[in-house]
Amino acid sequence: MSPGVQVDKVRFGVFEADLRAGELRKHGVRMHLQRQPFKILAALIEHPGELVTREELRQRIWGPEIVVDFDHSLGTAINKLREALSDSADTPHYIETLAKRGFRFIAPVEPIGPPPARTLEKPVSPPAPPPEQTAVAAPIPVAPVPIAAPVPALDSKPVRWLRPIFLWPATAIVLAGAWLWFGRATPPPPVVRFRQITSDFSIYPGETDIDRFAGVATDGVRVFFPDFETGRVGLSYVLIAGGEAHRFLTPPEISRPSVADISRDGAELLIRSMMWAETEQPLWIAPSTGGSARKLFDVMAHDAAWTPDRKSVLYSSGQDLFLIDRGSGKSRKLASLSGRAYWMRYAPNGSTIRFTVLDPKTRAISLWQMGADGKNPHPILDGWSSPASECCGDWTSDGSHFIFQSAHGGRPNIWELHEPTFFSPRQQPPFEITAGPLDYFAPVPAAKGDQLFAIGAHTRRELFHFNQTTHRAEPVLNNISARRVEYAHHSERIAWVSSTDLTLWRGRENGTDRVQLIPPPLTVYMARWSADDRRMLVMAKEPGTPYKIYTVSSDGGDLQPVLEESRNQADPDWGPGGTSIVFGRFPNYAAEATSPKDIRILDLNTKAVSVLPDSTGMFSPRWSPDGRYIAAMTLDQHSLKVFDRNTSKWTPVASGLIHNPIWSHDGKNLYFQALQEDGVPVYRVSVADRHLERICDRTVGGSADSIELWGIAPDGGPIGSFLFYGAEVYSLKWNLGK
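This is a predicted model, so every value here is computed, not measured.

### A closer look at the layout of surface pockets
In this structure, the second largest pocket encloses a volume near 690 Å³. Together, 29 residues line the second largest pocket, and His489, Trp529, Asp573, Trp623 and Pro625 are the ones closest to its centre. For the lining of the second largest pocket, the secondary-structure elements that each account for two or more residues are β36 (482–487), β40 (523–529), β44 (570–574), β48 (618–623), β52 (658–663) and β56 (706–712). No other element matches the three residues that β36 contributes to the lining of the second largest pocket. Residue classes in the lining of the second largest pocket are distributed as 14 nonpolar, 10 polar and five charged.

Given below as structure tokens:
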């Protein structure tokens, strides 16, 4: 919608606004919104992307003759409008505040129906027609089709046997014109209905950066999706018509179950596990109506799909694709790829397979295609996004459209790719079906008709400090959405990574005195203060490149890489005196599964690198405050060990499914999170005697879906994030533009 264009009805996100009637609807349901907030909405929508000043709003809403407390009235109206839109001033999806100036509507606005014709300011007379011709108005512009020149008659009587000969060129030209006309871009398919089919249910939207792709499937009656229960991932379903969600029971051997695929007749599910640290895990076959599940022979894979006839299963293990006969168990390699494959799907006619490839170095995800025989694997939409961010696609039942997920516009949305046809042989660019304000994941076309299902999520993080005296969670940073919090050693400063754009910030605990240390396009994973608080050790990456370790001044600027390598560097920590650092590699599930993994020490002065003894198969190192110990986990995250630099020996101190170990300030204890236990609790273990103490779990966050442990506060209490996924399953009824 162009700024300044006047229309009666518009759509933005899941909302529709009737500007003439003064009505706001969400998913087609009318919402109660008072007159003044709606007038402000209308004023902003009429100029999307432009600043609407406070004075302009004053003149339009209240007028010059009405005396009000303008600042209070405007603030109240804006708050009510944001409340109706579920928007936030800190992280706006619709209305951006420009301090002391005004407001701007930042979401895409789409007119519903054609806008009324606009009158030109200055009438323009059409050119006069040539003599002996009449000017004819053409209300609908069409592609010009050349017409064959008339052939002079040889005599006054028509020669009938010549007519077919002369008609052939004209017919060919008309057909060529039709080919050109129909070969043009097909009108994009608009969403005609958007309906939420789950409500107040803890749904897991997945995390593609750590190989956790949300599994969604439908059998034509129900939709299956991953959920959260007691902080852990499970599997549930809901009727397509909506209503109460139900748990889908799976064997206890399947930890964190998720649907990999469903057979075309909807009878059987392929179920995989999203166990945090395991790359390849068993595959299971289960009736979609419930009942006993059974393993698919001895297959170890990270994703799978049914062949169209359900006689075989296509599965991915490592960077290879295999095909296994479900009757005999005979398996053969189908293709070798440049990364790990997920979301494999066969075209309805069975001739083609499309899948998602996760690049092991850059973490970029892209869509690929190959023949059903495994030949010619190659990317599609190559170069469309930079870096690539496309995944999780499937065809509509008739094969005419391919639906997929992409962050092409900066956030995950659902896109459509119109498949080439005889009359439209050229591949058209993708069309965006959703445009926020939620993040949309895992689109699945319905078994029949113009409908699809997807997860819509608005993930929110709230930082907390667990006070070990009061046993209560206290807010940190005034509810700034952040992660990876680190306190300085000798000041009240605190550093954090923004959850919004993964940039690095420094400020005070109350959120004041904020300074951005690392801006986009770099994205930051973690940061550590030096002992003198003057520098920070940072793990960050540029788009489409591996993670590197940098140092940066705690006042901003002077960003320097510490070691040039072509592979990912991870989990850096300062050594004694700040002259050396320890670092590791990503675990197998996160990158470079075929490369060796160990713990390394880098001398910052000489750039010499040494390998910590007996550290092969370990990652996530943490140097103790006194410099004597280095803690690290095994790659499967089942064991937390401590390396004594005096004895050069490793000693196990805790077991389970462990996440993010952190030293206490005195170096006597290690904090960590147990991912496999209910409530994903935080523990403290004594290095000396291995005494284990449960500190807190997700229940301290009330309605939080889960928690993440990030650091330790000056008083020794854990610092972490409450996770509120705010995700639901949505049905999109749309017009395929056939």
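Next comes the rest of the description.
### A word on the side chain of Asp598
Relative to the assigned elements, Asp598 resides in the loop between β45 (580–584) and β46 (600–603). Looking at Asp598, its side chain comes within polar contact range of the side chain of Arg600, at 2.8 Å. In this view, Asp598 contacts Phe583, Gly584, Arg585, Val611, Ser615, Thr616 and Met618; residues no more than four positions away in its chain are not counted.

### A word on the state of the cysteines
Summed over the entire model, instances satisfying the criterion amount to one disulfide. Each sulfur of the disulfide joining Cys391 and Cys392 lies 2.5 Å from the other. On the sign convention where negative is left-handed, the bridge of Cys391 and Cys392, at about -85° about the S-S bond, is left-handed. Cys391 gets classed as buried once you look at its relative accessible area, which sits at 0%.

### Focus: the pattern of salt bridges
Throughout the structure, instances matching the rule amount to 32 salt bridges. The salt bridge involving Arg345 is made with Asp394; its shortest N-O contact spans 3.9 Å. Of this pair, Arg345 sits in strand β24 (residues 340–346) while Asp394 sits in strand β28 (residues 390–395), placing them 49 residues apart in sequence. Taking relative accessible area as the criterion, Arg345 reaches 6% and is therefore assigned buried. With a closest N to O distance of 3.5 Å, Asp555 and Arg506 form a salt bridge. Of this pair, Asp555 sits in the loop between β42 (548–553) and β43 (560–561) while Arg506 is found in strand β38 (residues 504–508), placing the two residues 49 residues apart along the sequence. Under the relative-accessibility criterion, Asp555 is labelled exposed at 51%. Here the salt bridges do not stand alone but share partners, grouping Asp265, Glu268, Arg294, Arg310 and Arg326 into one network.

### Some words on the packing of helix α1 (residues 35–45) against helix α2 (residues 54–62)
At a closest axis distance of 10 Å, the pairing of α1 and α2 adopts a crossing angle of 130°. Considering their axes alone, α1 and α2 lie oblique with respect to each other. As for how α1 packs across α2, the hand of that crossing is right-handed. For the pair formed by α1 and α2, the contact residues are Gln36, Lys39, Ile40, Ala42 and Ala43 on the first element and Leu57, Arg60, Ile61 and Trp62 on the second.

### Structural notes on the packing of aromatic side chains
Applying the stated rule across the entire model yields 22 aromatic pairs. Residues Phe12 and Phe15 carry aromatic rings whose centres are separated by 5.7 Å and whose planes lie at 25° to one another, so their mutual orientation is stacked. Each member of the pair Phe12 and Phe15 is classed as buried. Seen in terms of ring centroids, Tyr629 and Trp663 are 6.2 Å apart; in terms of plane orientation they differ by 25°. Their pairing is stacked. Linking Tyr629 in strand β49 (residues 629–634) with Trp663 in strand β52, this pair joins segments that are 34 residues apart in sequence. Relative accessible area serves as the criterion here: at 18%, Tyr629 is assigned to the buried category. Owing to a relative accessible area of 8%, Trp663 belongs among the buried residues under this scheme. One aromatic cluster is present, built from ring pairs that chain together Trp384, Trp395, Phe402, Phe404 and Trp415.

### What about empty space enclosed by the protein?
Throughout the structure, instances matching the rule amount to three cavities of 30 Å³ or more. Approximately 50 Å³ is the volume attributed to the second largest cavity. As for the second largest cavity, its lining consists of Pro205, Gly206, Glu207, Thr208, Arg212, Phe213, Ala214, Cys392, Gln405, Phe441 and Ala442. Looking at the lining of the second largest cavity, the elements with two or more residues in it are β10 (206–207), β11 (212–213) and β32 (439–445). Looking at the lining of the second largest cavity, its residues break down into six nonpolar, three polar and two charged.

### Some details on the side chain of Arg484
Among the structural elements, Arg484 can be located in strand β36. In this structure Arg484 is buried but unpaired, with Asp571 as the nearest side chain of opposite charge at 5.5 Å. A polar side-chain atom of Arg484 sits 2.9 Å from a polar atom in the side chain of Tyr525. The contacts of Arg484, once residues within four sequence positions are left out, are Ala495, Trp496, Val497, Tyr525, Met526, Arg622, Asn660 and Trp710.

Calculation criteria
- Residues numbered from 1 in each chain as written.
- Predicted model: local features only at pLDDT ≥ 70, side-chain atom pairs only at ≥ 80, totals over all residues.
- Heavy atoms only, no water.
- 1 Å grid on protein atoms, 1.4 Å probe; cavity = no way out; pocket = protein on both sides within 12 Å on 5 of 7 lines; lining within 4 Å.
- Points joined across faces, edges and corners; volume = space filled by probe spheres on them.
- Helix = DSSP H or I, 4+ residues; strand = E, 2+ residues; numbered from the N terminus.
- Nonpolar A, V, L, I, M, F, W, Y, C, P; charged D, E, K, R; others polar.
- Polar contact = N/O pair within 3.5 Å; in protein donor to acceptor, adjacent residues only side chain to side chain.
- Contact = heavy atoms within 4.5 Å.
- Disulfide = S-S within 2.5 Å.
- Buried < 20%, exposed > 50% of the residue type's maximum accessible area, 1.4 Å probe, protein only.
- Salt bridge = Lys/Arg side-chain N within 4 Å of Asp/Glu carboxyl O.
- Axes fitted to C-alpha atoms, helices over the stretch in contact; angles between N-to-C directions.
- Parallel < 35°, antiparallel > 145°, perpendicular 65-115°, else oblique.
- Left-handed = near helix turned anticlockwise from the far one by under 90°.
- Phe/Tyr/Trp six-rings, centres within 6.5 Å; stacked < 30°, edge-to-face > 60°.
- Lys, Arg positive; Asp, Glu negative; His and termini not counted.

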